[in-house]
Amino acid sequence: MHPVPLAATTRGYADTGYTIENVHAGSVAVVDLQGRLLWQAGDPHYPTFTRSALKPFQALPFILSDGPSRFGLAREELALLCASHSGEERHLAGVRSILGKIGLDESHLECGCATPLYYEAVGQPAPQDGNWTPLHHNCSGKHSGFLAWCRLHGAPTRGYVERAHPLQQAIRDTLADTVGLPAAQMAVGIDGCSAPNYAMPLARLAHLYARLAQGAADPQLGGAMGILCDAMTGRPDMVSGEERTDLFWMTAGGGDWVAKIGADAVQAIGVRSAGIGIAVKIQDGASRALHPVTYSVLEQLGLLNDARRTLLERYRQPSIKNARGAVAGDVRPLLTLQSAR
């Protein structure tokens, strides 16, 4: 099996029609709670670096150590552990609060500095004089959770992103046990925030999200999955941010969908009521193709009612506009899910 065309971009004029200019290939996997493949497009076993879609599961060692109650973390702070946040004031305040509760500050964050995602999301230029710190990095919530694990276990806070650090070994071992793969079979690479990230077959990522959506009902990690799922679905604004996709997916799901995007066009969604997990990967990493493909998958699975279609219309077939705001084309899905049964 190989990735297949999932989306195309077009160019033209409304009165003469649009012509396909680019085609984005990729793969989709939809699985049930046992990990059995239900629907697919392309290669459902495509080796996929999970990127930020891994964040809830990177938080598992801290959750399993009873870290939230030990440090008195609130639900919105737990959501930040799973977040690719936008650097809005509520996000910065939340990360500061976590760091304060563990007796550290932003100087201990090893995620690096980055422009807040807020500006791109709302279509505004970032201030030229922005004084960005590691706190503004979209992964600073995850890293505050990393530091909390270190404080909980008396591990060094310096170098916590290194593969040999006890924290990263705990994450690797817990992930391997949860996903049901030997650690040696998960390729490892360095993520944008300097932490190790792991690759796995796309269907395995979908299965993780099918289980996450079940929360406390998960037979292996019920309590921990419940804490993470409740935080993410209860505070999707902290997981994502204003005008961001995960906020829209989870708002549309109304507590039934748990969603997390990953860099280079990875999307995972778990649907509690349907008992399924969905994972999408655009092969060339083009996020502009990811969102209409995800919308199409949800539509083909019968998960969109009129209210959800209205809320998510922006992702169905988004326009491409030039610098003057004129519509030059669109991004349209091409895929048809194939039954794997």
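Chains are numbered independently. Their residues run from 1 in the order of the written sequence. This being a predicted model, a pLDDT of at least 70 is required before a residue's local features are given, and a value of 80 or more before pairs of side-chain atoms are given or counted; all residues contribute to the totals for chains, interfaces and linings. Where side-chain values are given, they derive from all heavy atoms of the structure, hydrogens and water being excluded.

## Some words on the overall build of the chain
Going by this rule: Think of it this way: any DSSP run of H or I at least four residues long counts as a helix, any run of E at least two long counts as a strand, and we number them from the N terminus. With a 1.4 Å probe rolled over the protein chains alone, any residue whose accessible area is under 20% of its type maximum counts as buried; one over 50% counts as exposed, and the rest are partly exposed. The contact definition used throughout considers only heavy atoms, calling two residues in contact when any of these lie within 4.5 Å. Here, Shrake-Rupley sampling with a 1.4 Å probe gives the accessible areas, and only protein chains in the shown set may cover a residue.
Within the chain, the secondary structure is distributed over 14 helices and twelve strands. In terms of overall dimensions, the chain has C-alpha extents of about 65 × 55 × 35 Å along its principal axes. Counting the 341 residues in the chain, one finds 57% classified as buried. A sequence separation of at least 24 residues applies to 64% of the contacts in the chain between residues at least 6 apart. Carbon together with sulfur atoms contributes 49% to the accessible area of the chain, which is approximately 13,900 Å² in total.

## Description of the nonpolar core
Rule in force here: Here, the term nonpolar core denotes a set of buried Ala, Val, Leu, Ile, Met, Phe, Trp, Tyr and Cys residues that are joined through side-chain atoms within 4.5 Å.
Membership of the largest hydrophobic core comes to 104 residues, with the highest contact counts inside it found for Val-28 and Ile-278. It is helix α9 (residues 202-214) that contributes the most residues to this core, eight residues altogether. Once residues lying within four places of it in the same chain are set aside, the contact partners of Val-28 are Leu-6, Trp-39, Gln-40, Ala-41, Pro-44, Leu-202, Ala-279, Val-280, Val-293, Val-297, Leu-335 and Leu-337.

## Regarding the pairing of strand β7 (residues 257-262)
The cut-off we apply is this: In this description, strands pair whenever DSSP reports at least two bridges between them.
With six of six residues buried, β7 lies mostly within the body of the structure. Residues Trp-257, Ala-259 and Ile-261 of β7 are buried on one face, and the alternating residues Val-258, Lys-260 and Gly-262, pointing to the opposite face, are buried as well. In this structure, β7 lies alongside strand β8 (residues 266-271), joined through six bridges in antiparallel fashion. Residue Lys-260 lies in a different strand from β8, and its bridge partner there is Ala-268.

## Some points on empty space enclosed by the protein
The cut-off we apply is this: Two kinds of site are reported from a 1 Å grid over the protein atoms alone, namely cavities, where a 1.4 Å probe fits but cannot get out, and pockets, open sets with protein on both sides within 12 Å along at least five of seven lines, and residues are called lining when an atom falls within 4 Å of a point. Grid points are joined across faces, edges and corners, and a volume is the space filled by probe spheres set on the points. Throughout, the ten residues Ala, Val, Leu, Ile, Met, Phe, Trp, Tyr, Cys and Pro are labelled nonpolar, Asp, Glu, Lys and Arg are labelled charged, and all others, Gly among them, are labelled polar.
All told, the structure shown has one cavity of 30 Å³ or more when counted by the stated rule. Put simply, the largest cavity is a space of about 60 Å³. As for the largest cavity, its lining consists of Lys-55, Gln-58, Ala-59, Pro-61, Phe-62, Leu-81, Lys-142, Gly-145, Phe-146, Trp-149 and Leu-167. For the lining of the largest cavity, the elements supplying multiple residues, two or more each, are α1 (55-58), α2 (60-64) and α7 (140-153). Ranked by residues supplied to the lining of the largest cavity, first place goes to α7 with four residues. Each residue belonging to the lining of the largest cavity can be placed in one class, and the counts come to seven nonpolar, two polar and two charged.

## What to know about the packing of helix α8 (residues 166-179) against α9
Inclusion rule: With axes taken as lines fitted to C-alpha atoms, and helix axes fitted only over the stretch in contact, angles between N-to-C directions fall between 0 and 180 degrees. By the definition adopted for this analysis, an angle is roughly parallel if under 35 degrees, roughly antiparallel if over 145, roughly perpendicular if from 65 to 115, and oblique otherwise.
Direction vectors running N to C along α8 and α9 enclose 85 degrees, while the axes themselves pass 10 Å from each other. Relative to α9, α8 is oriented roughly perpendicular. Residues Leu-175, Thr-178 and Val-179 of α8 touch α9, and the partners they reach there are Arg-204, Leu-208 and Arg-211. A per-class count over the contact of α8 with α9 returns three nonpolar, one polar and two charged.

## Describing the packing of helix α5 (residues 89-101) against α7
Closest axis-to-axis distance for the α5/α7 pair is 10 Å, and the angle between their directions is 10 degrees. Judged on the interaxial angle alone, α7 and α5 are roughly parallel. Residues Val-95, Ile-98 and Leu-99 of α5 form the contact with α7, whose own contacting residues are Ser-140, Gly-141, Ser-144 and Leu-147.

## Concerning the packing of aromatic side chains
The condition is simple: Two aromatic rings, drawn from Phe, Tyr or Trp (for Trp, its six-membered ring), form a pair once their centres lie within 6.5 Å of each other, and the interplanar angle then sorts them: stacked below 30 degrees, edge-to-face above 60, tilted otherwise.
By the definition in use, this model includes seven aromatic pairs. Judged by centre distance (5.9 Å) and plane angle (50 degrees), the rings of Tyr-119 and Trp-132 are tilted. Of the two residues, Tyr-119 is situated in helix α6 (residues 118-122) and Trp-132 in the loop between α6 and α7; the sequence distance between them amounts to 13 residues. Owing to a relative accessible area of 21%, Trp-132 belongs among the partly exposed residues under this scheme. Judged by centre distance (5.9 Å) and plane angle (85 degrees), the rings of Phe-248 and Tyr-315 are edge-to-face. Highlighted residues: Phe-248 in helix α12 (residues 245-253) and Tyr-315 in the loop between α14 (306-312) and β10 (319-321), separated in sequence by 67 residues. For Phe-248, a relative accessible area of 12% translates into the label buried. What makes Tyr-315 buried here is its relative accessible area of 7%. An aromatic cluster is present here, built from Tyr-118, Tyr-119 and Trp-132 joined pairwise through their rings.

## What to know about the layout of surface pockets
The volume enclosed by the largest pocket comes to roughly 1,000 Å³. Those elements that provide at least two residues to the lining of the largest pocket are α6, α12, β7, α13 (287-300) and β10. The element best represented in the lining of the largest pocket is α13, accounting for three residues. The residue inventory of the lining of the largest pocket, partitioned by class, reads eleven nonpolar, twelve polar and eleven charged.

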